[in-house]
Amino acid sequence: MGRAKRETPEEAFENLRQAFDTLKANHSDAWCWHEYLSDEPKDDEGSDSDMDPEKEELKPKKRTHMDRLKQHLLTCVSELNRCAQAADTCFFHMCCRPEKMKPCVIILGTSGDVDEDMLAGGDASPQKIMAMLQAKLGIANDKIVMLEAEIEDLKAKLCESRFESEDHWKRWQNNAMLCEDAMTKLHNMSTNFRDLTNNNNQLTADYRDLYLRHLRASRMMIYKGRQMLRDQVFKVGRKENLFYSFHGFIYTLQKEKEERVRREHEAQRDRVEFALRNEVRFLLGESDRHSVAVRRLALEAGRLKQDRRAFALRIMHKNRRPYEIMEYCLWVWELWQPIRRQLVLEKALEAEQAARDATIQMLVQTTQQLPPLATCIDNLQEDLVMEQIAHDVSKRELTAAGARLYSGMVQQLRVHRTQELAVLYRISELEVEGLKERIAVLEREIAEDRHIHALKGMVVDLESNLRRALDRRKQRAFVVPPSKDAKCSQCSRESLLRSWKGLSQDGASEEMPPGDAGPPLRSSSSLGSLSLGMKGMSPRFVLPTGGSKLAALPPPELRGTYSAVWR
């Protein structure tokens, strides 16, 4: 386990301040003890007379004021002890670290209005604190004035916004009611129109079916009659033909009579229907006229009510003596009794008339809307068919245009690909011709041995640089003691001059004993690198054996002599 965290002086003073605040909020203020002065609530034993005794015994009971006061006092003692312990801890920290006195005292000295900035200035006199508080109070008053002005402005805006919101609400309610009414009417009209359309379609289908049946039956009857005439009638005598002709004529007359009677009944029905339609039209017009008259009567009744009320007010104002309340009630009752039944009947009449007017208005509006709706539906169907046709035509045109564009693009791509292949082939031919020219130039240079001449010049330059570097070194001691003979005019070495002049190459090689080997001549490093590099070179780059200056150089293991060509 880690070591416990030590408490700093600031934390100790903060704990003391918290203890003071808790003690002040819960114990030292006067109103903390006022709750124990009220009367204790009494238990209602009468209402719980039927309760189980065991349950009553186990039920928790509310503590009395005395119990809560004792608990409060014990809590106050514990808080005081906590404050004492916190004060002892603060005393210990002040003894150990006195340099922390000022920030710790600032922690204890701060309050709701006195902050740390006031106390940290150094001068914590009451006059200065009062001056700071006064400045803060002035700033707070200015803010309060600004806030009050803003509140007034906001109140005015609130009144305006409330008025606007109420106006908007009323308008919205009216629009919503109109919208609901219109939607209901439109739904009913749509339903009726749909039903009428379905009925019409059904009647059309039934008529078509009946017509087809009638046509088939007539054809079958004609066919059966022809068959019967052919098989039965024409095979009998004249008397039977006359009998059957008479009966057929009678049957035809009966059918024509039934058809005539049916037509008369249909004509009578049409006349009755026409008369009823005219009557209904007349009744509808009468209903409009009666609605106007009833509306005029309702307005007259309302005017009479207003006149009666105004007359009653004039009578009441005429007699200015102070009447009793019961007298007013009696007069009102006496005035109410004669007109009570009339008012009830008038209200019922108004309600019935309003319902009748609303029904008639809905019927008229529905009747008036049927032809426009049929026309609108026909126009919409025609527009739909035209739009579908235009859509199909545009779709086909777009498909054809896209196909043409695609074919043109494919053709252009094919042409572009052919041109690109031709350009690539030309570029490859030019590259091949360039490479062939370079190969020819290299072969010509190789045939003319230009690389060998360049290599020879490089080797000569390297040898001259090497000998120049060897000549710059410090002169060694003479191998042969100097004599008074003539010396070499170039290197001032008489031994070499003597050996070069006195002995020829053949004589020197014959006179020198086999065991006496002179100082060998150092070989060139460039020659060694050339000899080593010949193994991996092509035959054209191999150095020639005869007719070259490098071939005259002796091998490293033989005794060499200087030649005037290299000097």
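Computed from a predicted model, the values in this text were never measured in an experiment. (Residues numbered from 1 in each chain as written. Predicted model: local features only at pLDDT ≥ 70, side-chain atom pairs only at ≥ 80, totals over all residues. Heavy atoms only, no water.)

Caption draft 1: Main features of the pattern of salt bridges. By the definition in use, this model includes 20 salt bridges. Of the charged contacts, one joins Arg-262 and Glu-259 as a salt bridge, the two residues approaching to 2.0 Å between their closest N and O atoms. Taken as a pair, Arg-262 and Glu-259 lie in helix H7 (residues 238-318) at a separation of three residues, close to a single helical turn. Taking the relative accessible area as the measure of exposure, Arg-262 reaches 37% and is therefore partly exposed. Residue Arg-260 pairs with Glu-264 through a salt bridge whose shortest N-O separation is 3.3 Å. With Arg-260 and Glu-264 both in helix H7 and four residues apart, the pair spans about one turn of that helix. On the basis of relative accessible area, Arg-260 is assigned to the partly exposed category, the value being 38%. (Salt bridge = Lys/Arg side-chain N within 4 Å of Asp/Glu carboxyl O. Helix = DSSP H or I, 4+ residues; strand = E, 2+ residues; numbered from the N terminus. Buried < 20%, exposed > 50% of the residue type's maximum accessible area, 1.4 Å probe, protein only.)

Caption draft 2: A nonpolar patch on the surface, seen in detail. A contiguous nonpolar patch, built from Leu-313, Met-316, Tyr-328, Leu-330, Trp-331, Trp-333 and Trp-336 and spanning about 660 Å² of accessible area, is present on the exposed surface. Elements supplying a minimum of two residues to the nonpolar patch: H7 and helix H8 (325-447). Top contributing element to the nonpolar patch by residue count: H8, with five residues. Mapping Leu-330 onto the fold places it in helix H8. (Patch = residues over 30% accessible without salt bridge, like charges linked within 9 Å, V, L, I, M, F, W, Y side chains within 5 Å. Areas by Shrake-Rupley, 256 points an atom, 1.4 Å probe, with all protein chains shown as cover.)

Caption draft 3: Representation of the packing of aromatic side chains within the structure. Counted under the stated rule, the structure contains three aromatic pairs. Each ring, one from Trp-169 and one from Trp-172, has its centre 5.3 Å from the other, and the planes form 25°; the classification is stacked. Note that Trp-169 and Trp-172 are positioned in helix H6 (residues 126-231) at a spacing of three residues, about one turn of the helix. A relative accessible area of 52% means that Trp-169 is categorised as exposed. Geometrically, the ring pair formed by Tyr-207 and Tyr-211 is stacked, given 6.5 Å between the ring centres and 20° between the ring planes. Residue Tyr-207 and its partner Tyr-211 are both found in helix H6; the two are separated by four residues, about one turn of the helix. With relative accessibility at 59%, the residue Tyr-207 sits in the exposed group. You can call Tyr-211 partly exposed: its relative accessible area is 39%. (Phe/Tyr/Trp six-rings, centres within 6.5 Å; stacked < 30°, edge-to-face > 60°.)

Caption draft 4: Just the side chain of His-27, in detail. Tracing the backbone shows His-27 in helix H1 (residues 9-28). Classification of His-27 as buried rests on a relative accessible area of 6%.

Caption draft 5: Structural detail: the nonpolar core. The biggest cluster of nonpolar side chains holds seven residues, and these are Ala-12, Phe-13, Leu-16, Ala-86, Cys-90, Cys-104 and Ile-107. Those elements giving two or more residues to this core turn out to be H1, helix H3 (65-96) and helix H4 (101-109). With three residues, the single largest contributor to this core is H1. (Core = buried A, V, L, I, M, F, W, Y, C linked by side-chain atoms within 4.5 Å.)

Caption draft 6: Geometry of the confidence of the model for the protein chain. With 73% of its residues at a pLDDT of at least 70, the protein chain reaches an overall mean of 76. The weakest mean pLDDT in the protein chain belongs to helix H12 (residues 525-533) at 42; the strongest belongs to H8 at 87. Per-residue pLDDT stays below 50 along residues 503-567; that stretch engages in 40 contacts with residues further than four places along the chain or on separate chains. (pLDDT = per-residue confidence, 0-100. Contact = heavy atoms within 4.5 Å.)

Caption draft 7: Region of interest: the packing of H1 against H4. At a minimum axis distance of 9 Å, the contact between H1 and H4 shows a crossing angle of 20°. Viewed along their axes, H1 and H4 adopt a mutual orientation that is roughly parallel. Of the two elements, H1 crosses H4, and the hand of that crossing is right-handed. Two secondary-structure elements touch here, H1 through Pro-9, Glu-10, Phe-13, Glu-14, Leu-16 and Arg-17 and H4 through Cys-104, Ile-107, Leu-108 and Gly-109. Among the residues making up the contact of H1 with H4, the classes are represented as six nonpolar, one polar and three charged. (Axes fitted to C-alpha atoms, helices over the stretch in contact; angles between N-to-C directions. Parallel < 35°, antiparallel > 145°, perpendicular 65-115°, else oblique. Left-handed = near helix turned anticlockwise from the far one by under 90°. Nonpolar A, V, L, I, M, F, W, Y, C, P; charged D, E, K, R; others polar.)

Caption draft 8: Summary view of a negative patch on the surface. A contiguous patch of negative charge on the surface is contributed by Asp-378, Glu-382, Asp-383 and Glu-387. Along the chain, Glu-387 falls in helix H8. Under the relative-accessibility criterion, Glu-387 is labelled exposed at 55%. (Lys, Arg positive; Asp, Glu negative; His and termini not counted. Charge placed at Lys NZ, Arg CZ, Asp CG, Glu CD.)

Caption draft 9: Up close: the state of the cysteines. Under the defined criterion, the tally for this structure stands at zero disulfides. For the unlinked cysteine Cys-32, the closest cysteine sulfur is that of Cys-76, found at 9.7 Å. Free cysteine: Cys-104, not disulfide-bonded; nearest cysteine sulfur from Cys-90 at 7.3 Å. (Disulfide = S-S within 2.5 Å.)

Caption draft 10: Spatial organisation of the environment of Ala-12. Following the sequence through the fold, Ala-12 ends up in helix H1. A sequence separation of 76 residues divides Ala-12 from Asp-88, and the C-alpha atoms of the two residues are 9.6 Å apart. Apart from the residues within four sequence positions on either side, Ala-12 is in contact with Glu-7, Thr-89, Cys-90 and His-93.

Caption draft 11: The environment of His-65, seen in detail. Tracing the sequence through the fold places His-65 in helix H3. Sequence separation between His-65 and Leu-37 is 28 residues, and the spatial gap between their C-alpha atoms is 8.3 Å. His-65 has contacts with Glu-35, Tyr-36, Ser-38, Asp-39 and Glu-40, leaving out every residue within four places of it along the chain. A distance of 2.6 Å separates a polar atom in the side chain of His-65 from a polar atom in the side chain of Arg-68. (Polar contact = N/O pair within 3.5 Å; in protein donor to acceptor, adjacent residues only side chain to side chain.)

Caption draft 12: Inspection of H1 at higher detail. All buried positions along H1 are accounted for by Pro-9, Ala-12, Phe-13, Leu-16, Arg-17, Ala-19, Leu-23 and His-27. An end-on view of H1 places all buried positions within 155° of arc, on one side of the element. (Arc of directions from axis to C-beta.)

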